[in-house]
Structures are given as structure tokens and as C-alpha cells.
Amino acid sequence: MSDFPVNMNVRPEVAPFFDPATNTISYVVKDPNSNSCAVVDSVMDIDYAAGRITYDNADEIIAYVQEKGLKVEWLIETHVHADHLSAAPYIQSKLGGKIGIGRNITVVQDTFGKVFNEGTEFQRDGSQFDKLFDDGDNYEIGGLRAFAIYTPGHTPACMTHVMGDAAFVGDTLFMPDGGSARADFPGGDAGTLYDSIQTVLSLPDEMRLFMCHDYGPNGRDIQWETTVGDEKAHNIHVGSGKTKDDFVKFRTERDAQLDMPKLIIPSLQVNMRAGDIPKDRNGNPMLKVPINAL
């Protein structure tokens, strides 16, 4: 990790926002030396059965930012989520900021553009986003220097974002007793995920890690913060020296037993558009349901 500008002396303030409907944790990350902040993995509410979109989660984040007098500079998506819808454009419309995601969003757009039979008007070049991050790209949140690490495996566009002594891992890792996320989505790969996890675990042991999801294994309270050291020692899927072969065997067998996420169909259509809801030819918000395509 010597090529990455890790600075453990900078400790950003991290405010979590938990969405119980999707078990997602969003974050507001504040530069300790200014009022600048980033929003990571925001959530837009959907009643899928009713076809109704609301913004309670996003409004909570907006209220927090306004109450604290913060300036949103970035709206970071760690990957194209398959289990919740992004509220990034809604928050952007209220507070500003740039929406950023990994450059391989184009791979996801190409794959699912075909699944959802999107026409040529759907751009597959990532242009819906303000910034496409490459491995090692640096950016600033006020005076806080942040950088992105390419960590594919769960999806081909996953990135871990490091901000001072805090890293936001998306679905690359769960809490130690939760292990890791699935790797069977199109473009996912268990071996690649193992390698990406090792990249994350090569960060300093004291690095704080913030999860995108937690499901409270064995009935414990929801948690979202751990450290590299704790993951290395205790992660049930990769900790304590578990080998790549062991991980790939377990992950492959486990993934074959998992159902598709309940919100995968709306989530992918919205999130590959940077959080915008697709529209029909008359300009009305509309989602598609592909049959036997996932």
C-alpha cells in the first residue's frame, strides 16, 4: 500500500445513518479541519409493491448536513448497489456536490443495459456520473485528502474509499462475524473478491473500516464499524489465515444457495443511472421487470 497516501493522523468525523428496510448504512464524512463533507452510499426509499418513491432517509441526511452547517463536496457510491436505490441526485439537488463511482460502472451499464433491453438513448459510458474513479485516484473533501482503491469481486465496479484513518468498503467486507458479500452477480468473482479483501487488509491495522450493510448475525445489535486488525484476526470468511482456495470454495457453495436481493430489479435500473429513475417514452418514471433474465 506504499503507493497510496495513507495518513492515519487525520481522523474525519463519521456520522452513520442506518436504513432498517435494506440494512444499509449511509455516512456523512466531515473533514476535521473544515465544514466540508462527503455523503457515502445514500438510500432512496421505495415501496416496490406500490411503485412509490419517498425520501425519508435522504431527508434525514439533508437535515443533519444543514443543522451542522456542512458543505457537501462529494456523493460517493462504493458500487452499483443491488439491494437499495441511491438518493445521490436528490441530495445533490438540495445540497450540491459531485456524484462519483468507479470507472467500471461502464461494464455494469453494458451488462445490465442488455438485461433491461435499454435502447441506444441509455449511455453506457458512465456520463451520468460527475466523476469516474480509477485505482489510486485522489480527491479532496475540504482539506481532507481521500483516495479510491479498486476492489472488485462483488461487482466489477467496486471501490473502497479511504479518507484519513477511515475506509468505506462497500460490500467488499462485512463485520467480522458477517464475513463477506456474495460474488455471483454478473461480473462478480469469488477469487477476485478474496484478492480485493487482501488489498483492504493490507491497510494499517488501526484503519477504521465502515460497512455498507449489516444484518445482525445471531441476533446481535446492528454494527457498522470495525478495524483492519479485527477483520484480519476474526473475519469468519477470510480471517486467521484462511486461504484463497478455502474462500472460493465456501463463497461459491454459499452463493448458490442465496436468493436474489428483493430490490435488485429497481436498484440496478436506478443505480446504473447514478440514482435517476428511468422514464418511458412519454417522460413518466417507469421501471421494467425482465423475465427469466437474472
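Residues numbered from 1 in each chain as written. Predicted model: local features only at pLDDT ≥ 70, side-chain atom pairs only at ≥ 80, totals over all residues. Heavy atoms only, no water.

Chemist: So what exactly am I meant to see when it comes to the pattern of salt bridges here?
Modeler: Overall, the coordinates contain 15 salt bridges when judged by the stated rule. The closest approach of N and O atoms between glutamate 118 and lysine 288, which form a salt bridge, is 3.8 Å. On the criterion of sequence distance, the pair formed by glutamate 118 in the loop between α3 (105-115) and β8 (131-133) and lysine 288 in the segment after α7 (264-271) is long-range, its members being 170 residues apart. Overall, the relative accessible area of 13% leaves glutamate 118 in the buried class. The network of salt bridges with common partners includes Arg11, Asp165 and Arg208. (Salt bridge = Lys/Arg side-chain N within 4 Å of Asp/Glu carboxyl O. Helix = DSSP H or I, 4+ residues; strand = E, 2+ residues; numbered from the N terminus. Buried < 20%, exposed > 50% of the residue type's maximum accessible area, 1.4 Å probe, protein only.)

Chemist: What is the right way to read helix α4 (residues 190-200) from this model?
Modeler: One turn of the α-helix equals 3.6 residues, which is why residues spaced by three or four share an orientation. Every buried residue of α4 is listed here: Ala190, Gly191, Leu193, Tyr194, Ser196, Ile197 and Val200. The elements touched by buried residues of α4 are β11 (159-163), β13 (208-210), α5 (228-234) and α6 (244-255). Near the N-terminus of α4, the side chain that reaches the backbone nitrogen of glycine 191, with its oxygen 3.1 Å away, is that of aspartate 189. (Contact = heavy atoms within 4.5 Å. Polar contact = N/O pair within 3.5 Å; in protein donor to acceptor, adjacent residues only side chain to side chain.)

Chemist: Even after reading the chapter, I still don't get the packing of α4 against α6, so can you show me in this structure?
Modeler: Running from N to C, α4 and α6 cross one another at 130°; their axes reach a closest spacing of 9 Å. By the angle between their directions, the pair α4 and α6 is classed as oblique. Where α4 crosses over α6, the handedness of that crossing is right-handed. Of α6, the residues touching α4 (which contributes Ala190, Gly191, Leu193, Tyr194, Asp195 and Ile197) are Lys244, Phe247, Val248, Arg251 and Thr252. By residue class, the composition of the contact of α4 with α6 is six nonpolar, two polar and three charged. (Axes fitted to C-alpha atoms, helices over the stretch in contact; angles between N-to-C directions. Parallel < 35°, antiparallel > 145°, perpendicular 65-115°, else oblique. Left-handed = near helix turned anticlockwise from the far one by under 90°. Nonpolar A, V, L, I, M, F, W, Y, C, P; charged D, E, K, R; others polar.)

Chemist: Looking at this structure, I do not really get the nonpolar core. What am I missing?
Modeler: If you look at soluble globular proteins, the nonpolar side chains tend to sit buried side by side. Core analysis: the biggest nonpolar cluster contains 39 residues, and Val28 and Ile91 have the highest contact counts within it. Residue assignment for this core shows that the elements contributing at least two residues are β1 (13-19), β3 (36-40), α1 (56-68), β6 (71-76), α2 (88-95), β7 (98-102), α3 and α7. When residues no more than four places from it in sequence are discounted, the contact partners of isoleucine 91 are Val39, Ser42, Ala58, Ile61, Ile62, Leu75 and Gly96. (Core = buried A, V, L, I, M, F, W, Y, C linked by side-chain atoms within 4.5 Å.)

Chemist: I would appreciate a short explanation of the packing of α1 against α2 in the present structure.
Modeler: Geometry of a packed helix pair, given as the angle between the helix axes and the separation of the axes. Direction vectors running N to C along α1 and α2 enclose 30°, while the axes themselves pass 10 Å from each other. The orientation of α1 with respect to α2, classified from their angle, is roughly parallel. As for how α1 packs across α2, the hand of that crossing is right-handed. In this structure, α1 contributes Ala58, Asp59, Ile61, Ile62, Val65 and Gln66 to the contact, and α2 contributes Tyr90, Ile91, Lys94 and Leu95. Class assignment of the residues belonging to the contact of α1 with α2 gives a composition of seven nonpolar, one polar and two charged.

Chemist: What exactly am I supposed to notice about the packing of aromatic side chains here?
Modeler: The description of an aromatic ring pair rests on the distance of the ring centres and on the angle between the ring planes. For the structure on display, the rule yields twelve aromatic pairs. Ring centres 3.9 Å apart and planes at 15° place the aromatic pair tyrosine 55 and tyrosine 90 in the stacked group. Taken together, the residues tyrosine 55 in the loop between β5 (52-54) and α1 and tyrosine 90 in helix α2 connect sequence positions 35 residues apart. Using a relative accessible area of 25% as the deciding quantity, one classes tyrosine 55 as partly exposed. For tyrosine 90, a relative accessible area of 18% puts it in the buried group. Ring geometry for phenylalanine 174 and tyrosine 215: centres 6.0 Å apart, planes at 70°, overall edge-to-face. Of the two residues, phenylalanine 174 is situated in the loop between β12 (166-168) and α4 and tyrosine 215 in the loop between β13 and β14 (225-227); the sequence distance between them amounts to 41 residues. Residue classification places phenylalanine 174 among the buried residues on the basis of a relative accessible area of 12%. Taking the relative accessible area as the measure of exposure, tyrosine 215 reaches 45% and is therefore partly exposed. Put simply, the rings of Tyr27, Phe168 and Phe210 pair up and form one aromatic cluster. In this structure, arginine 273 is placed above the aromatic ring of phenylalanine 122, and the distance from its NZ or CZ to the ring centre is 4.7 Å. (Phe/Tyr/Trp six-rings, centres within 6.5 Å; stacked < 30°, edge-to-face > 60°. Lys NZ or Arg CZ within 6 Å of the ring centre and 35° of its normal.)

Chemist: Help me understand unusual backbone geometry, please; the structure alone is not making it clear to me.
Modeler: One can expect most non-glycine residues to show negative phi and most peptide bonds to be in trans. The phi angle at aspartate 41 is positive, at roughly 55°, despite the residue not being glycine. With respect to the helices and strands, aspartate 41 occurs in the loop between β3 and β4 (45-47). Its relative accessible area of 2% is what places aspartate 41 among the buried residues. Despite not being glycine, serine 240 shows a phi value in the positive range, around 55°. Given a relative accessible area of 58%, serine 240 falls into the exposed group.

Chemist: Help me understand the sheet that holds β3, please; the structure alone is not making it clear to me.
Modeler: Hydrogen bonds between backbone groups are what pair the strands of a sheet, and the pairing can be parallel or antiparallel. Pairing within the open sheet is mixed, and its six strands lie in the order β1-β2-β3-β6-β7-β8. Because the sheet does not close on itself, it has two edges, and the strands there are β1 and β8. Each adjacent strand pair in this sheet contributes to an overall mean axis angle of 25°, direction not counted. Direction of pairing for β1 relative to strand β2 (residues 24-30): antiparallel, over a ladder of seven bridges. Pairing of glutamate 13 across the sheet is with lysine 30, part of β2. (Pairing = 2+ DSSP bridges.)

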